[in-house]
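These are the residues of each chain, in order.
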Amino acid sequence: MAYNSPSMTVAVRSFAKINLGLYVGAARADGYHDLRTVYQTIALHDVIRVSVGRGSGIEIACKNKDPRVPLDSSNTCYRMAERVLDELGAKGRVSVEIEKRLPVQGGLGAASSNAVATMVALELVLKKTRTLKKKLSGPTRLRIAAEVGSDLPLFLVGGTALGVGRGEEVYPLPDLPSVPMVVAVPEVGVSTAQAFAEWDALIQGERAAELRSTDGERLTRPGASDRLFEVGCALSAWLSGSPNTGAPAKGGSRAGSLLLDLVRTGIENDFEKVVFPQYPELRDIKGALERAGARYTSLSGSGSTLYGLFRSPADAAKAASRLRKQGVRAEATSTLTRQQYWKKSLVTGR
Ligand code: C5P
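None of the values given here were measured: they were computed from a predicted structure.

Description of the site of the ligand
In the vicinity of the ligand, the contacting residues are Gly 31, Tyr 32, His 33, Leu 35, Gly 149, Ser 150, Arg 166, Thr 192, Ala 193 and Phe 196. Separating an oxygen atom of the ligand from a side-chain N or O atom of His 33 is a distance of 2.7 Å. Within the side chain of Ser 150, one N or O atom sits 2.5 Å away from an oxygen atom of the ligand. Sorting the residues of the shell around the ligand by element identifies strand 2 (33-53) and helix 5 (192-204) as the ones contributing at least two each. The leading source of residues in the shell around the ligand is helix 5, at 3 residues.

Structure (structure tokens):
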């Protein structure tokens with residue numbers, strides 16, 4: 001079969017994530033930080049198109065020529081393609097085209113999601129073009145993903161997932177229902193590495209003595225374990241109260257309010273404490289989301305994106321339009337259950 005025929009390109013939707021709470025622990029010996037978070041995939045996405053031709057090498061292109069997307073070997077899609085070819089012992093010239101819609105340095109996991117979409121698409125295209133001697137096993141996929149970045153493995157799970165370790169250790173949670181939401185994207189981008197460094201500076205200050213007296217392996221800030229316990233109880237209550245445990249809820253109003261109860265239990269994103277003082281406009285946008293009727297608002301990851309959860313799609317649409325009138329880039333969307341995530345991932349007809 002000839003390479004580069006239309007059937008040799010596979011297009012995959014690369015969905016974003018938000019964090020429903022994010023607790024940052026102390027710095028580890030390897031320079032990373034232990035964290036606890038609930039990841040949730042959402043419907044906003046980039047599109048990744050992968051094709052394989054004769055020859056060798058990896059080529060990255062950005063369809064909308066966003067200058068913030070690197071096109072060299074530092075791109076997460078490049079690093080992923082390299083590892084997949086290596087692991088499968090496959091040869092060929094790999095072209096990855098990124099249709100960038102998600103914010104860069106936005107805390108929505110776009111670069112991580114792009115890399116996982118590259119893995120999925122490349123395996124599919126190699127399967128179509130030649131007889132693969134082997135396919136990647138589940139554990140290999142997770143290992144490669146974690147090598148490329150802490151936020152990648154969650155995109156091999158989708159839906160609602162608990163993230164621990166440096167964020168790469170993921171456990172699928174029974175899916176929370178699809179909830180209407182608004183994503184607000186400020187002009188600024190936030191570097192994750194920088195945000196962690198600022199977190200270190202913060203905890204080395206007034207809380208240093210307190211932190212030193214506790215076990216570095218654990219989340220050590222006062223109240224963190226109590227709040228985690230409360231979140232755990234709320235999650236169990238939601239699960240035991242749901243007649244279809246593990247299955248996405250239909251209709252969503254009761255289940256949706258249960259999710260809102262869960263996030264209102266007191267879960268917070270620690271990065272707000274270091275990112276808001278540096279970018280006060282982000283706190284203003286959070287306030288604007290609250291005033292527009294959001295039931296729960298938060299920074300996603302280390303930002304700069306803020307999100308709000310709403311009771312209905314109409315409320316979310318109205319709020320997004322209100323924010324746009326205030327000059328904030330805002331879009332109404334919804335969270336994606338695991339089933340929706342995988343069902344919608346493949347783009348048919350390219
Ligand atoms: O894993 P990833 O490459 O996405 O991480 C980017 C940077 O963020 C790391 O180099 C590290 O400085 C910081 N980080 C951290 N603790 C984590 C995840 C990331 O300190 N749990």
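Looking at the packing of helix 1 (residues 76-88) against helix 3 (residues 138-148)
As a packed pair, helix 1 and helix 3 sit with axes 10 Å apart at the nearest point and diverge in direction by 145°. In the crossing of helix 1 with helix 3, the sense of the turn from one axis to the other is right-handed. Residue-level contacts link Thr 76, Arg 79, Met 80, Arg 83 and Glu 87 of helix 1 to Thr 140, Arg 143, Ile 144, Ala 145, Glu 147 and Val 148 of helix 3. Considered class by class, the residues forming the contact of helix 1 with helix 3 number 4 nonpolar, 2 polar and 5 charged.

So, the packing of aromatic side chains
In total, this model carries 4 aromatic pairs according to the counting rule given. Taken together, a centroid distance of 4.9 Å and an interplanar angle of 85° make the contact between Phe 196 and Phe 271 edge-to-face. Placement of the pair is Phe 196 in helix 5 and Phe 271 in the loop between helix 8 (253-264) and helix 9 (272-278), with a sequence separation of 75 residues. The residues Phe 196 and Phe 271 share a single accessibility class, namely buried. Taken together through their ring pairs, the aromatic side chains of Phe 15, Tyr 341 and Trp 342 make up a single cluster. Lying over the aromatic face of Tyr 32, Arg 166 brings its terminal NZ or CZ to 4.9 Å of the ring centre.

What about empty space enclosed by the protein?
Evaluation of the coordinates by the stated rule reveals 1 cavity of 30 Å³ or more. Taken as a whole, the largest cavity holds about 70 Å³ of empty space. Lining the largest cavity are Val 12, Arg 13, Ser 14, Phe 15, Ser 113, Val 116, Ala 117, Val 120, Phe 155, Tyr 341, Trp 342 and Ser 345. Within the residue set of the lining of the largest cavity, elements represented by two or more residues are strand 1 (9-27), helix 2 (110-129) and helix 12 (338-343). For the lining of the largest cavity, the residue count by class is 8 nonpolar, 3 polar and 1 charged.

Some points on the pattern of salt bridges
The final tally for this structure, using the stated rule, is 17 salt bridges. With its nearest N and O atoms 3.4 Å apart, the salt bridge here joins Glu 97 to Arg 49. Here Arg 49 lies in strand 2 and Glu 97 lies in strand 4 (residues 93-99), a separation of 48 residues in the sequence. Residue classification places Glu 97 among the partly exposed residues on the basis of a relative accessible area of 26%. As a salt-bridge pair, Glu 99 and Arg 49 come within 2.9 Å of each other at their nearest N and O atoms. Pair noted here: Glu 99 is in strand 4 and Arg 49 is in strand 2, with a separation of 50 residues, a long-range link. The exposure class of Arg 49 is buried, given its relative accessible area of 15%. One connected set of salt bridges, linked through shared partners, spans Arg 49, Lys 63, Glu 97, Glu 99 and Arg 101.

Re the state of the cysteines
Applying the stated criterion across every chain, the model contains 0 disulfides. You can see Cys 62 has no disulfide; the closest cysteine sulfur is in Cys 77, sitting 9.8 Å from it. Classification of Cys 62 as buried rests on a relative accessible area of 8%. Residue Cys 77 is classed as buried on the basis of its relative accessible area, which comes to 0%.

Quick look at the sheet that holds strand 10 (residues 329-334)
Within a sheet, each strand pairs with its neighbour through backbone hydrogen bonds, oriented either parallel or antiparallel. One open sheet accounts for 4 strands, arranged 8-9-7-10; its pairing is antiparallel. Only two strands of the sheet have a single neighbouring strand rather than two, namely strand 8 (296-299) and strand 10. Along the sheet, successive strands turn relative to each other by an average axial angle of 20°, direction set aside. Relative to strand 9 (residues 306-309), strand 8 is paired through 4 bridges, and the arrangement is antiparallel. Pairing of Thr 297 across the sheet is with Gly 308, part of strand 9. Docked against the sheet, helix 10 (residues 280-291) engages strand 7 (180-185), strand 8 and strand 9, running at close to 15° with respect to strand 9.

Conventions used here
Per chain, residue numbering runs from 1 following the sequence as it is written. Confidence filtering applies because this is a predicted model: local features only for residues at pLDDT of at least 70, side-chain atom pairs given and counted only at 80 or more, and all residues used for totals across whole chains, interfaces and linings. Calculation of side-chain values draws on the structure's entire complement of heavy atoms; hydrogens and water are dropped beforehand. We call a residue near a molecule or strand when any one of its heavy atoms sits within 4 Å of it. Under this definition, polar contacts are N or O atom pairs within 3.5 Å; protein pairs additionally need one hydrogen-donor-capable and one acceptor-capable atom, and for neighbouring residues in sequence, both atoms have to be side-chain atoms. Under the scheme used here, helices are H or I runs from DSSP no shorter than 4 residues and strands are E runs no shorter than 2 residues, and both carry numbers assigned from the N terminus. To obtain an axis, a line is fitted to C-alpha atoms, over the contacting stretch when the element is a helix, and the angle between two such axes runs from 0 to 180 degrees between their N-to-C directions. Should the near helix be turned anticlockwise from the far one by less than a right angle, the crossing is termed left-handed; should it be turned clockwise, right-handed. In this description, contact between two residues means that some pair of their heavy atoms is separated by no more than 4.5 Å. Here the nonpolar group is Ala, Val, Leu, Ile, Met, Phe, Trp, Tyr, Cys and Pro; Asp, Glu, Lys and Arg are the charged ones; every other residue, Gly included, is treated as polar. Stacked, tilted and edge-to-face are the three classes applied to pairs of Phe, Tyr and Trp rings, where Trp contributes its six-membered ring and a pair requires centres within 6.5 Å; stacked means planes under 30 degrees apart, edge-to-face means over 60, and tilted covers the rest. The rule is simple: take the accessible area with a 1.4 Å probe, protein chains only, and divide by the maximum for that residue type; under 20% is buried, over 50% is exposed, in between is partly exposed. A positively charged side chain is recorded as over a ring if its NZ (Lys) or CZ (Arg) lies within 6 Å of the ring centre. The angle to the ring normal must also be within 35 degrees. Grid points spaced at 1 Å over the protein atoms alone were grouped into cavities, where a 1.4 Å probe fits but cannot get out, and pockets, open sets with protein on both sides within 12 Å along at least five of seven lines, with lining residues defined by an atom within 4 Å of a point. Grid points are joined across faces, edges and corners, and a volume is the space filled by probe spheres set on the points. Every case where a carboxyl oxygen of Asp or Glu lies within 4 Å of a side-chain nitrogen of Lys or Arg is listed as a salt bridge. Cysteine sulfur atoms that come within 2.5 Å of each other are treated as a disulfide pair. Strands are labelled as partners when DSSP assigns at least two bridges between them.

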